[in-house]
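# Overview (structure and organization)
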Amino acid sequence: MELNSNQIREIIPHRYPMQLVDKIVDFEPGKWADGIKCVSVNEPFFQGHFPEAHVMPGVLIIEALAQTGAVAILAEEGNKGKIAFFGGIKNARFRKQVVPGDVLSLHCEITDRKGPIGFGKAVAKVGDKVAAQAEISFVIGDKQSE
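First things first, this report covers the structure right here in the doc. Treat the numbers as computed from the prediction; the structure is a model and nothing was measured.

## What to know about the nonpolar core
Membership of the largest hydrophobic core comes to 39 residues, with the highest contact counts inside it found for M56, V98 and L104. Elements represented by at least two residues in this core include exactly β1 (23-28), α2 (58-74), β4 (103-114), β5 (117-126) and β6 (129-142). Per element, the largest residue contribution to this core is eleven residues, and it comes from α2. Ignoring sequence-local partners within four residues, the contact set of V98 consists of V39, V55, M56, I61, L104, V126 and A131.

In structure tokens:
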């Protein structure tokens, strides 16, 4: 099932400039999700990273992967209206620079869950080349009241 950017906003709480997934191309709630991030020269982070040689920050690639996984976990019926907080990042590797014009293919698979705590494996690719990969953990919680 595909989700556009507006439908993604109904599941995860991220908004500009931190919504880093443009489209979910397919997913299975509670199991996995595949997303797309179209990297544009107009991204706000390119103003400082780096003005003379644009490179998407690795931490934002990991964040895009985490948001992809958050769609999978928060799309489950029992998690609707909740938020997924980062619990940790292990074995992160950055293998290819991501630059304007690249299309990041994002995949996150939920590998284990214990109550509100979960773990996933995530890979970001540009074409058939791995740009980044990591093991991530998360905690599902309630949104804080305003």
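## Focus on the pattern of salt bridges
This model, assessed by the stated rule, comprises five salt bridges. The residue R113 makes a salt bridge to E76 at a minimum N-O spacing of 2.9 Å. Placement of the pair is R113 in strand β4 and E76 in the loop between α2 and β3 (82-94), with a sequence separation of 37 residues. Here K80 makes a salt bridge to E77, at a shortest N to O gap of 3.2 Å. Pair check on accessibility: K80 and E77 agree, each one exposed.

## Digging into the environment of Q133
Along the chain, the position of Q133 falls in strand β6. When the C-alpha positions of Q133 and H54 are compared, they lie 20 Å apart, and in sequence the two are 79 residues distant. Q133 has contacts with I62, N91, A92, R93, R95, A122 and V123, leaving out every residue within four places of it along the chain. In this structure the side chain of Q133 is engaged in a polar contact, spanning 3.5 Å, whose partner is the side chain of R95.

## Quick look at unusual backbone geometry
The step from Y16 to P17 runs through a cis peptide bond, and the omega angle for that step is 5°. Inspection of the secondary structure assignment puts P17 in the loop between α1 (5-9) and β1. Each neighbour pair has its own omega, and for H49 with F50 the value is -10°, a cis peptide bond. Locating F50 in the fold gives a position in the loop between β2 (32-38) and α2. At N91, a position not held by glycine, the phi torsion is positive, near 55°.

Rules of the game
- Residues numbered from 1 in each chain as written.
- Predicted model: local features only at pLDDT ≥ 70, side-chain atom pairs only at ≥ 80, totals over all residues.
- Heavy atoms only, no water.
- Core = buried A, V, L, I, M, F, W, Y, C linked by side-chain atoms within 4.5 Å.
- Buried < 20%, exposed > 50% of the residue type's maximum accessible area, 1.4 Å probe, protein only.
- Helix = DSSP H or I, 4+ residues; strand = E, 2+ residues; numbered from the N terminus.
- Contact = heavy atoms within 4.5 Å.
- Salt bridge = Lys/Arg side-chain N within 4 Å of Asp/Glu carboxyl O.
- Polar contact = N/O pair within 3.5 Å; in protein donor to acceptor, adjacent residues only side chain to side chain.

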